[in-house]
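Descriptive analysis of the structure
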Amino acid sequence: MSGSPESLGPIFFALSDPLRRRVLEAAIAHDGATVTQLCELFPVSRFAVMRHLNTLEETGLIRREVKGRERRVYSTGFKFEEAIAAWARQMRERSVCDE
């Protein structure tokens, strides 16, 4: 995910769920943690956490690697501030042109 204004729809969707945001925050705070370690942080099923991890990976906010028998979760370093700023600039430009 490039972080361009056009690519933000899936990002906004991924961040719209409060639990998914918490899973992302945990993945960033515990960069390189195993999926099992992340699952232990939440009072929901492993399936629920895995579903959120899948969405986060599909949108490019995290990546998972298999190392031996473990699946580790890493932040992709997505630049939220830059992407939101680009989107805001685009919205300003559109509103000026639409007037």
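Scroll up to find the structure.
What comes next concerns the included structure. Worth saying up front: this structure is predicted, and the values here are computed from it rather than measured.

Turning next to the overall build of the protein chain. Within the protein chain, the secondary structure is distributed over five helices and three strands. Start at the N end of the protein chain and walk to the C end: the helices and strands fall as α-α-β-α-α-β-β-α. Counting across all 99 residues of the protein chain, residues that qualify as buried make up 36%. Considering only contacts within the protein chain whose residues lie at least 6 apart along the sequence, 53% involve residues at least 24 apart. When the accessible surface of the protein chain is totalled, it reaches about 6,300 Å², and 53% of it is carbon and sulfur.

For the rest of this paragraph, the subject is the packing of aromatic side chains. Across all of its chains, the model carries two aromatic pairs by this definition. When the ring of F12 is compared with that of W87, the centres are 5.5 Å apart and the planes differ by 75°; the resulting orientation is edge-to-face. In this pair, F12 is assigned in helix α1 (residues 8–15) and W87 in helix α5 (residues 80–98), connecting sequence segments 75 residues apart. Here F12 falls in the partly exposed class, since its relative accessible area comes to 35%.

Strands belonging to one sheet form pairs held by backbone hydrogen bonds; the direction of such a pair is parallel or antiparallel. Spatial strand order, β1-β3-β2: three strands in an open sheet with antiparallel pairing. One side of each edge strand has no neighbouring strand; the edge strands of this open sheet are β1 (33–34) and β2 (62–67). With two bridges connecting them, β1 and strand β3 (residues 70–75) associate as antiparallel partners. If you follow T34 over to β3, its bridge partner there is R72. Where helix α4 (residues 46–58) meets the sheet, its contacts fall on β2 and β3, and the angle it forms with β2 comes to roughly 115°.

What follows covers the packing of helix α2 (residues 18–29) against α4. The N-to-C vectors of α2 and α4 enclose an angle of 75°; their axes lie 10 Å apart at closest approach. Taken together, α2 and α4 sit at an angle that is classed as roughly perpendicular. Two secondary-structure elements touch here, α2 through L19, R20, V23 and L24 and α4 through H52, L53, T55 and L56. Considering only residue class, the contact of α2 with α4 consists of five nonpolar, two polar and one charged.

Once that is clear, we can look at the nonpolar core. If you look at the biggest cluster of nonpolar residues, it comprises 21 residues, and the most contacted ones within it are L38, L53, L56, L61, I62 and V73. At the level of elements, α1, α2, α3 (35–39) and α4 are the ones that each hand at least two residues to this core. Here this core gets five residues from one element, more than from any other, and that element is α2. Ignoring any residue separated from it by four or fewer positions in sequence, one finds I62 in contact with L24, A27, L53, L56, E57, V73, Y74 and T76.

Definitions and cut-offs
Residues numbered from 1 in each chain as written. Predicted model: local features only at pLDDT ≥ 70, side-chain atom pairs only at ≥ 80, totals over all residues. Heavy atoms only, no water. Helix = DSSP H or I, 4+ residues; strand = E, 2+ residues; numbered from the N terminus. Buried < 20%, exposed > 50% of the residue type's maximum accessible area, 1.4 Å probe, protein only. Contact = heavy atoms within 4.5 Å. Areas by Shrake-Rupley, 256 points an atom, 1.4 Å probe, with all protein chains shown as cover. Phe/Tyr/Trp six-rings, centres within 6.5 Å; stacked < 30°, edge-to-face > 60°. Pairing = 2+ DSSP bridges. Axes fitted to C-alpha atoms, helices over the stretch in contact; angles between N-to-C directions. Parallel < 35°, antiparallel > 145°, perpendicular 65-115°, else oblique. Nonpolar A, V, L, I, M, F, W, Y, C, P; charged D, E, K, R; others polar. Core = buried A, V, L, I, M, F, W, Y, C linked by side-chain atoms within 4.5 Å.

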